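Coordinate analysis (summary)
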Amino acid sequence: MKEIITIAFGSAKENFDEKINLLGDTFRVKRLGVDFHFELALELVRKYRTQCDILSFSGFPIDIKHQGKIHTHEQTQKLRNAAGDTPWTDGANLKFMAIPLFLKNLAQKEPFLFKGKKIAFYSGIVQWDYLQAYSELSEDLIFADPYSLTGIPTVVKGLAPFKKMAGQVSPILKRLNLENLKEKDFTHKFTKAPTMKAFFDADIFIVNETQMEYLKLQDLTGKTVIIDQIDNFSRKQLDQANADKVYSCFPDFVNMPHLGFTGLEAILLAHTEKTKLDQDDLLDIIAEFKLRPEIYTPKSQKTLTTERFSFIIHPLSKSQLFQIPIIKPLETTPAGAKIEDMMKHAPGYFYGKVTGIKSDFNGKEVEGDLFVLPMTPKVMMKQKPEKVYSALNSLCQEAHKKGSKIIGLGAYTKIVGDAGVTVNEHSPIPVTTGNSLSASATLWAASFGVEKMGLVTKDSGTYQGTVMVIGATGSIGKVCARILTNQWKRIIVSAPRPYKVLELIAELKEQNPKAEVLGTSNPDKYSAECDLIITSTSAQGESVLDIMQVKPGCVICDVSRPFDISLDEAARRPDILVIASGEVALPGNVNIEKSIGLPGNIVYACLAETALLAMEGRHESFSLSRDLSYERVCEIDRLARKHGVRLAAVMGHAGEITEEEITLCRNHALKAGPRTSGRVPGQ
Amino acid sequence: MSKLFTGYNSYHTMKILITGATGFIGKRLTEKLLAGGHEVYVLVRRQSLEKARLIFTERKNLHFILGDIANNDVLDTVGGVENLPEDIDSVLHLAASYDLEVDLAQAYSNNVVGTQNIIYLIQRMKQLKYYHHMSTYAVSGLYDGEFQEDQIASNIDFPDHYSRTKMQAEHLVRNAILRETKVRIYRPGIIIGDSKTGEMDKIDGPYYFLRLFNQLAKFKNKLPIKYLPLSCHATSTLPLLPVDVLVEWLFEMITHPTTDKMRSYHLVPDEKIYITGFVNQILKHYQLKLKVLRLPFPGIYSKLMPFLKIPKQLVPYMQSRTSYSKAQIKQDFPHLKAPAVKEYLSKIVEGAKGMF
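The text that follows walks through the structure, step by step, so that each part is easy to find. Treat the numbers as computed from the prediction; the structure is a model and nothing was measured.

1. So, the overall build of chain B
- A count of helical and extended segments in chain B gives eleven helices and 13 strands.
- Per-residue burial over chain B gives 42% buried out of 356 residues.
- Contacts in chain B between residues at least 24 apart in sequence constitute 78% of all its contacts with a sequence separation of at least 6.

And the structure:
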């Protein structure tokens, strides 16, 4: 058995003494924390160097390599000298490889973690070896070293200025008594100085385990923390500071997080039986282990924190535009006509809040900020998409500053250009179009319509009728077809290109072998047999269906924008229910501060998707571009049901469809005669 | 008597390993355990073996095991007097650096590293039922208020290396992973001489004052002062416990532990012994006509103390506002009672005179 003694600058309370089996060897690792007493550390090194195979030093300054020179802290050097012939390690080699690798993996896995974020270091000197890695993730690095080292409340911004400063003060740094660096209070009134503001405004805070013992952390609500390795004490501190999410760079494969980098490097050193490890030794070993970061979610002191999300809306018409108070007086003036166009230059702004959203499932509360982009659809579609993107991105920045973790695009803001992809690329927080829940809610509305019409029977959960999806090979159509295949006995898929239809038929049959699946490129062929028709085409308003041939009592769900079924066409068939979308109500005692153009507490399904993602802590670009994914629609459908989002309004081409209107439609259909005939009244 | 209680373990004979057996408390407790017929394994450093043999007369149930708690491997692997048997069922860890003036490295090595080494040792004892850990009331540091028996806090001030390292050691014991082994933590108060004989080993704690009064008593009629300045609060108390009482309590608690996994106890008297009252009683004993004057400036007092040959480390203890809960010990061992100070004070004062 090989014996390792770790002399740690931090607290003795975290001491341990354990036998560890790794790499086919047995090691005894003993940690001795000195509670920041340097002389004690020195004494212990002298006393125990003969009782162990390897000494490791944890929490003492590591070497700083700068402009070809190596700077070693004087006290660190004393420790090394005291070790005599006993091999020692400080974990710096391992960290130097593992931490940047960890950061790269993390940035790949969670792109929004670093994108456009400000990264603050309680001490950059302590993180010297990894600063380059951080600078590749964000340009905004802020260093609180002046305050940490001397108590002067100011910061250094940017990596180059920091390195320059560090180079200049390194002769002094080397001589600073480590014991004097204890207890830095980041809640002290000095830190409220405006010169420190940039530090506290940062999104991500970088700290190491030893620092956790002497830093008094500020309130870290909503902030992310990256720590080299995490112990129980750090967990408590981070709980208290209410940090949002904590990433520990120490790989959790050994299941001994307390071992730390120094302990692990010491084990590797003992294992190789060398006196010093070089990078190649470590490369081999690291390649063998899979580095998985440990993610710790602090047990928040506030038992249920309110997550924030944002949502962007815009006036859907000129009349809505003039509801903006400052331009309202201009509506009747000669300038009024030009205002609509002029508003393309106006910046977006914060509009109001949505409060009181509370999950039925776990009581988790979320709150939304609504932003308005003052462009009507007409103006927006006329613009260069880049211009709209940039306006949307400044709102994303604003939302991020207000603490939102995700932002949703409402109405035409998700139609412009590439449907959110570019906006998402430049946003500091994930962007979603909300299309997944929109699709889901529309199908809820369709089912609701079919149920209310009451003309189709249901057997063990399956509608005993026929459904047709027009434009079934498109992204939305395909998702609808896949969902409906599970719900209907007979499904007809229609699209202009037959080979695509054939492909889809095979796919649907595979998914539900019980369903009868037919294909066509002429929807009129089957329209007289269908109880539900979903149209999702890019026909740009051109007729896709002869409405006069449609079966009486049929429900048509028109998902296309612009609509496939015109208002006129719909009016010609009072016996057919034409649905445009389903809108939803959020769970809880919801209060929408200012009108979003829907009655009561009803919200757009896409807004609800954004709220749900915040509720679930799923800060990701869930729905982007014009493509929909079946899995995502099913998933958001599940989340909506779980948290209590429910269908609140069935929307037609001209606003909400009431139950009375549906009853009226049903009566027309019944009057129209036998439903199986396929005859159209009036012919 | 306590065998009548249910929920208690009671051994006819324990196989117990004792560290610190030659110390002030250790030698009395070891004698008692030996007399009780238990198999006692005394851990002793190689260089102290002779001394240990002088303290304990040879008996069949006494065994010496060579080792040192400050070593990574506590037990000497070569040339031991006897080997430690595998069926040790109890370990009593008394060894510690006890001295208010001890330097940090010494205190740390013996109290923290020593305890770590013992934990490592006992984690590998397959038949160990109980680990008895001697802590101290001083682990409360300068806590303001009633300190609970299962309470431990590091964010309070500690006046000296002794109390801090004992706190750290206790912390490690509490967090150690000891599967089948039950843990007992004892936190005795200030230990003074024997209540019946007054016998005491060393000048410590209140004895520094006894020594001062003993000297003043020689000039009792010619004293130029009328007041005795004391830096303490009106409510500051001394948790005094005579060593014979402590040993009796420990013997009872070790031989009849409850079956709970973890217990810690404050071994302090029920009586509130106020510093001012206690000093007045001693002054009366020495027939010194001095009045106690409470002084609010501990800083100045600390500077004066060395002139009186009293370690300044005592001052924070005199300033203490900590009281010690006894809820757990009263619940588990309601029959353990300490005699009142006035009953044994004269024995203590007389017994101390021999040391000055």
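2. Here's the deal with the interface of chain A and chain B
- Contact residues are listed per partner, giving 13 residues for chain A and 15 residues for chain B.
- Taken together, the elements giving at least two residues each to the side of chain A that touches chain B come down to β3 (25–33) and α1 (38–48) of chain A.
- At four residues, α1(A) tops the list of elements feeding residues into the side of chain A that touches chain B.

3. Regarding the nonpolar core
- I7(A), A120(A), I18(B) and L246(B) are the most contacted members of the largest nonpolar core, which totals 160 residues.
- Split by domain, the residues of this core number at least three in each of domain 1 (2–91) and domain 2 (93–265 + 277–296) of chain A.
- For A120(A), the contacting residues outside a window of four places in its chain are I142(A), A144(A), F199(A), A202(A), I204(A), F205(A) and I206(A).
- Formed by 113 residues, the second largest nonpolar core is a distinct cluster that contains I492(A), V501(A), C606(A) and A611(A).

4. A few points about the sheet that holds strand β30 (residues 588–592) of chain A
Residues and elements named next belong to chain A.
- Judged by pairing direction, the sheet is mixed, and its six strands sit side by side in the order β21-β20-β17-β19-β18-β30 without closing on themselves. Strands with a single pairing partner mark the edges of an open sheet, and in this sheet they are β21 (431–432) and β30.
- Where helix α16 (residues 385–401) meets the sheet, it contacts β17 (307–313), β18 (349–358), β19 (365–372), β20 (407–409) and β21, and its direction lies at approximately 145° from that of β19.
- Where helix α22 (residues 605–615) meets the sheet, it contacts β17, β18, β19, β20 and β21, and its direction lies at approximately 160° from that of β17.

5. Some points on the environment of I99(A)
All names here are of chain A.
- Mapped onto the secondary structure, I99 falls in helix α3 (residues 92–109).
- What makes I99 buried here is the crowd of 21 C-beta atoms within 10 Å.
- Sequence-distant contacts of I99, that is, excluding residues within four places in its chain, are made with Y130, A133, D228 and C249.

6. Brief notes about the pairing of strand β12 (residues 204–207) of chain A
Residues and elements named next belong to chain A.
- By the alternation rule, side chains of β12 split into I204 and I206 and F205 and V207, which are all buried.
- Relative to β12, strand β8 (residues 119–121) runs parallel, the two being bridged by three bridges. Considered in β12, the bridge of I119 is made with I204.
- Pairing of β12 with strand β14 (residues 224–227) involves four bridges; the strand directions are parallel. Each bridged residue has a counterpart across the sheet, and for V207 the counterpart in β14 is I227.

7. Looking at the packing of helix α19 (residues 475–485) of chain A against helix α20 (residues 498–511) of chain A
Residues and elements named next belong to chain A.
- At a minimum axis separation of 9 Å, α19 and α20 run at an interaxial angle of 35°. Both α19 and α20 take part in a crossing whose hand is right-handed. Here K478, A481, R482 and T485 of α19 come into contact with α20, specifically with L504, L508 and Q511.
- When the residues that make up the contact of α19 with α20 are grouped by side-chain class, the tally is three nonpolar, two polar and two charged.

8. A short note on the sheet that holds strand β31 (residues 602–603) of chain A
All names here are of chain A.
- The sheet built from four strands is open, its strands ordered β31-β29-β32-β33 with antiparallel pairing. Only two strands of the sheet have a single neighbouring strand rather than two, namely β31 and β33 (655–657).
- Strand direction decides the pairing type here: strand β32 (residues 646–652) and β33, joined by three bridges, are antiparallel. Bridge pairing links M651 to E656 in β33.

9. Observations concerning helix α4 (residues 161–175) of chain B
- Over its 15 residues, α4(B) runs 21 Å from end to end, which matches the ideal 21 Å to within 8%, given 1.5 Å per residue.
- Counting buried positions along α4(B) gives 13 out of 15 residues, so the element sits mostly inside the fold.

10. Considerations on the packing of α22(A) against helix α23 (residues 630–643) of chain A
Residues and elements named next belong to chain A.
- Put simply, α22 and α23 touch, their axes get as near as 10 Å, and they point 75° apart. Classified by the angle between their axes, α22 and α23 sit roughly perpendicular to one another. Residues A608, E609, L612 and M615 of α22 form the contact with α23, whose participating residues are I636, L639, A640 and H643.
- Looking at the contact of α22 with α23 residue by residue, the class counts come to six nonpolar, one polar and one charged.

What counts, and at which threshold
Residues numbered from 1 in each chain as written. Chains lettered and ligands numbered in written order. Predicted model: local features only at pLDDT ≥ 70, side-chain atom pairs only at ≥ 80, totals over all residues. Helix = DSSP H or I, 4+ residues; strand = E, 2+ residues; numbered from the N terminus. Buried ≥ 20, exposed ≤ 12 C-beta atoms within 10 Å, placed from the backbone. Contact = placed C-beta atoms within 7 Å. Core = buried A, V, L, I, M, F, W, Y, C linked by C-beta atoms within 7 Å. Domains from an automatic or database assignment. Pairing = 2+ DSSP bridges. Axes fitted to C-alpha atoms, helices over the stretch in contact; angles between N-to-C directions. Left-handed = near helix turned anticlockwise from the far one by under 90°. Nonpolar A, V, L, I, M, F, W, Y, C, P; charged D, E, K, R; others polar. Expected span 1.5 Å × (residues − 1). Parallel < 35°, antiparallel > 145°, perpendicular 65-115°, else oblique.

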